[in-house]
Amino acid sequence: MARIGSSDLDVYPLNLGGNTFGWTSDAAESFAVLDAFVSAGGNFIDTSDSYMASAPGNVGGESETILGEWFTKRGRRDDIVLATKVSRHPEFLGLAPDNIARAAEASLRRLKTDHIDLYYAHYDDPDVPLADTLGAFDALVKAGKVRHIGISNYSAERIKEWIDVADAHRFAKPIALQPHYSLVARRPFEDELRPLAEKFGLGVFPYWALASGFLTGKYRTAGDVAGVARSKIVERYFSPEGLAVVDELDRIARARGVQIATVALAWTRQQPTVVAPIVSARSPEQLEALLGSVDLTLTVDELARLDDVSAKVPAGQ
């Protein structure tokens, strides 16, 4: 287990993302993934009130609803460190204080729980003063509805401002940072955000750690992407430099007798400030390679090879 910052939260070094629940995984498939994850020792689940509002026929909150049903049927709520997010649900857009309060209540109902262990501001809302937003989060902490606060998708400048405001008003400080980070997307995290995570003691939980499947090795040509659910996201990683990263992962994976995704996640997990990469799976079979990364420690040489080849990937790819 790994500790999140200076908090009392100890988590498995792999964070199960709930973005597939109610989208590419129905309730039964989601339950199977959740069962497999906790059976392997996993205890940290990440979702959002907006998952998966973008899917046809959905309204938002489907992932939270499935999780709430799983908690009820399995009786596992007390065994799980639960993270969810606010600001992107179609009915609760933004980070105005009243919106945060109402969105939190809606999440608690869907999740069938009386508290959220880690509540993220999903995206920045520059139209609302940070003091107002942080006051609303602080009120949830004081009420016992939220244990800890996290920041997701904020710029370095705004993270600094967040900490300054929290200090000035003695609001609860964030303990976690959720950025976009992987072998094919190392900047701006390494240059701008990681120094702040180190300075302020923020545990880092990278999303898209497998670049939406690109770093599993299953997408080697544009034809491999055609028609898949995440095609628009995966396409951004196609370049000679990106494919060279996959090739190096493949060489290491073959030498180690593991899958490409296992190596990619092991690299991410071994980076400074990273507590646990966020991963998602449509089925227990997909989860197997991801869980393998927890026990794989890459050598200094393997890390250096991956560092070198991934440094050539253009920023912003």
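Quick note: structure is the one above.
What you see is a predicted model, and the numbers here were worked out from it, not measured in a lab. (Residues numbered from 1 in each chain as written. Predicted model: local features only at pLDDT ≥ 70, side-chain atom pairs only at ≥ 80, totals over all residues. Heavy atoms only, no water.)

1. Topic: the overall build of the protein chain
Stage number 1. Check the secondary structure of the protein chain and you find 12 helices and 12 strands.
Stage number 2. Against the compact-globule benchmark of 20 Å for 317 residues, the protein chain has a radius of gyration of 19 Å, which places it among compact chains.
Stage number 3. Overall size of the protein chain, expressed as C-alpha extent along the three principal axes, is 50 × 40 × 35 Å.
Stage number 4. Buried residues in the protein chain amount to 56% of all 317 residues.
Stage number 5. Within the protein chain, contacts between residues at least 6 apart in sequence are counted, and of these 77% link residues at least 24 apart.
Stage number 6. Accessible area of the protein chain: about 12900 Å², with a carbon and sulfur share of 50%.
Stage number 7. Each charge sign in the protein chain was given a centre, from 34 positive and 43 negative side chains, and these centres are 1 Å apart. (Helix = DSSP H or I, 4+ residues; strand = E, 2+ residues; numbered from the N terminus. Rg over C-alpha atoms; globule rule 2.2 N^0.38 Å. Buried < 20%, exposed > 50% of the residue type's maximum accessible area, 1.4 Å probe, protein only. Contact = heavy atoms within 4.5 Å. Areas by Shrake-Rupley, 256 points an atom, 1.4 Å probe, with all protein chains shown as cover. Lys, Arg positive; Asp, Glu negative; His and termini not counted. Charge placed at Lys NZ, Arg CZ, Asp CG, Glu CD.)

2. Digging into the pattern of salt bridges
Stage number 1. On inspection of all chains with the given rule, the structure shows 22 salt bridges.
Stage number 2. Measuring nitrogen to oxygen at the nearest pair gives 3.1 Å for the salt bridge that ties Arg77 to Asp117. Highlighted residues: Arg77 in the loop between helix H2 (62-74) and strand E5 (81-86) and Asp117 in strand E8 (residues 116-121), separated in sequence by 40 residues. Neither residue differs from the other here; Arg77 and Asp117 are each classed as buried. (Salt bridge = Lys/Arg side-chain N within 4 Å of Asp/Glu carboxyl O.)

3. Some thoughts on the sheet that holds E5
Stage number 1. Reading across from one edge, E11-E10-E9-E8-E5-E4-E3-E12 is the order of the 8 strands in this open sheet, with parallel pairing throughout. Of all the strands in the sheet, the pair left with one neighbour each is strand E11 (203-204) and strand E12 (278-279).
Stage number 2. Pairing geometry for strand E9 (residues 146-152) and strand E10 (residues 174-178), over 4 bridges, is parallel. Of the residues in E10, the one forming a bridge with Ile149 is Pro174. (Pairing = 2+ DSSP bridges.)

It is worth stressing that arrangement in space is one thing and function is another; only the former is reported here.
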